[in-house]
Amino acid sequence: MFSPETFSLFNLPDKALKHVARCLDSVEIFCLSIVTERTKQLIKSLNIPDGRFVLEICNDVSIVVLVLRPLEIRWNYDDPESLSIHTSGEDFRDIRPRKLTKEGFHLGDWIRHLISIFNQEDVKRILLRSIPETVIPKPFFDSITGIDIRILVVFNRNVEHTTKDYRSLLPYVKHLCISRRSSENCESIQEVIIQNYDYLSVHVDIRLSLDHYLLMNSSYIGMQDEMSQSKVNRFIRHWIQGSNPRLKVLDYWSNGIPKLQKILKRITHQDVSDNQVRTFEIRDLAPSREKDIIVNSGYNIRRVDGTQATIHIRVFPPIGFRLFLLVWN
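Figured I'd write up the structure that's included with this text. (Residues numbered from 1 in each chain as written. Predicted model: local features only at pLDDT ≥ 70, side-chain atom pairs only at ≥ 80, totals over all residues. Heavy atoms only, no water.)

Topologically, L176 is positioned in strand β8 (residues 173-179). The exposure class assigned to L176 is buried, which follows from its relative accessible area of 0%. Separated by 22 residues in sequence, L176 and D198 have C-alpha atoms that sit 8.4 Å apart. With residues near it in sequence (within four places) discarded, L176 still touches L152, V154, L170, V192, Y197, Y199, L200 and S201. (Helix = DSSP H or I, 4+ residues; strand = E, 2+ residues; numbered from the N terminus. Buried < 20%, exposed > 50% of the residue type's maximum accessible area, 1.4 Å probe, protein only. Contact = heavy atoms within 4.5 Å.)

What follows is the structure in structure tokens.
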């Protein structure tokens, strides 16, 4: 006999079973999803919206699933088969975390499970900070290799991991941002930047030459503000002659003021006319929530194969200016 407070969940018909599952709180939903393959599919069938993931990898791994807030899910290198779920109370103090364990699971298995139950195509962002010295990088990265990653941000603060350690992830990465100072040589960085990304940006502390930019095969390139305006001019001239064939947007920030004589030197161009206002869709290309660009000024240019582009400059006194090379479809 069951007490009045309990009942056999899986004796319910499917419609009633889903109704009960929807009444569970976030922790209960997540716990139920790892019990069996049937419970996993049950939670998946609820179509819970906005199950977006942000992973921050440092001494432990925080998996931020926006739909589960105010929960934070953490994975620890020393206990790979477990997750701890942290909840903040009304006074923002941590309530004692609950621990979930699934035999044989590693970080990649947990991530794939979350992606599955929340019907996601990829991980929205991974922030890669540092790995403890006791951790061997290769097995760790191998566990998450094959998972599509929307944005990978690499902070090379320490030397515990290098480009060769996380290189296995790169074919699955759409947006790559390499930040902070790197102790690696440019040859190692070059192996990373030549791959195809939707978006690529490299921090100014990692010195890149014009030749490095000409090797990039990304759709959106964030160019360092340390590049001179004359080198930007040379990049555009190379693009006109056929370099960087996948380029859709060059995004160049600079302190100071734009010097049009240097930027447009030896570039055949036409001024954007007042009646030629167009909208360039940039939101799907940029990792941040950029607004589409209203192109109401600038200089139209043409590539040797006939592709049209516009050099569009926005000035932000006294901070500096932002130059876009926008390649039209």
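Still more ground to cover, so stick around.
Moving on: a nonpolar patch on the surface. Taken together, the side chains of W253, F316 and I319 make up a nonpolar region of the molecular surface, amounting to roughly 300 Å² of accessible area. One can find F316 in strand β16 (residues 308-316). Overall, F316 belongs to the partly exposed group, its relative accessible area being 33%. (Patch = residues over 30% accessible without salt bridge, like charges linked within 9 Å, V, L, I, M, F, W, Y side chains within 5 Å. Areas by Shrake-Rupley, 256 points an atom, 1.4 Å probe, with all protein chains shown as cover. Salt bridge = Lys/Arg side-chain N within 4 Å of Asp/Glu carboxyl O.)

Assignment of secondary structure puts H175 in strand β8. Here H175 falls in the buried class, since its relative accessible area comes to 1%. Within the structure, H175 has its side chain in polar contact with the backbone oxygen of L285 (distance 3.5 Å). (Polar contact = N/O pair within 3.5 Å; in protein donor to acceptor, adjacent residues only side chain to side chain.)

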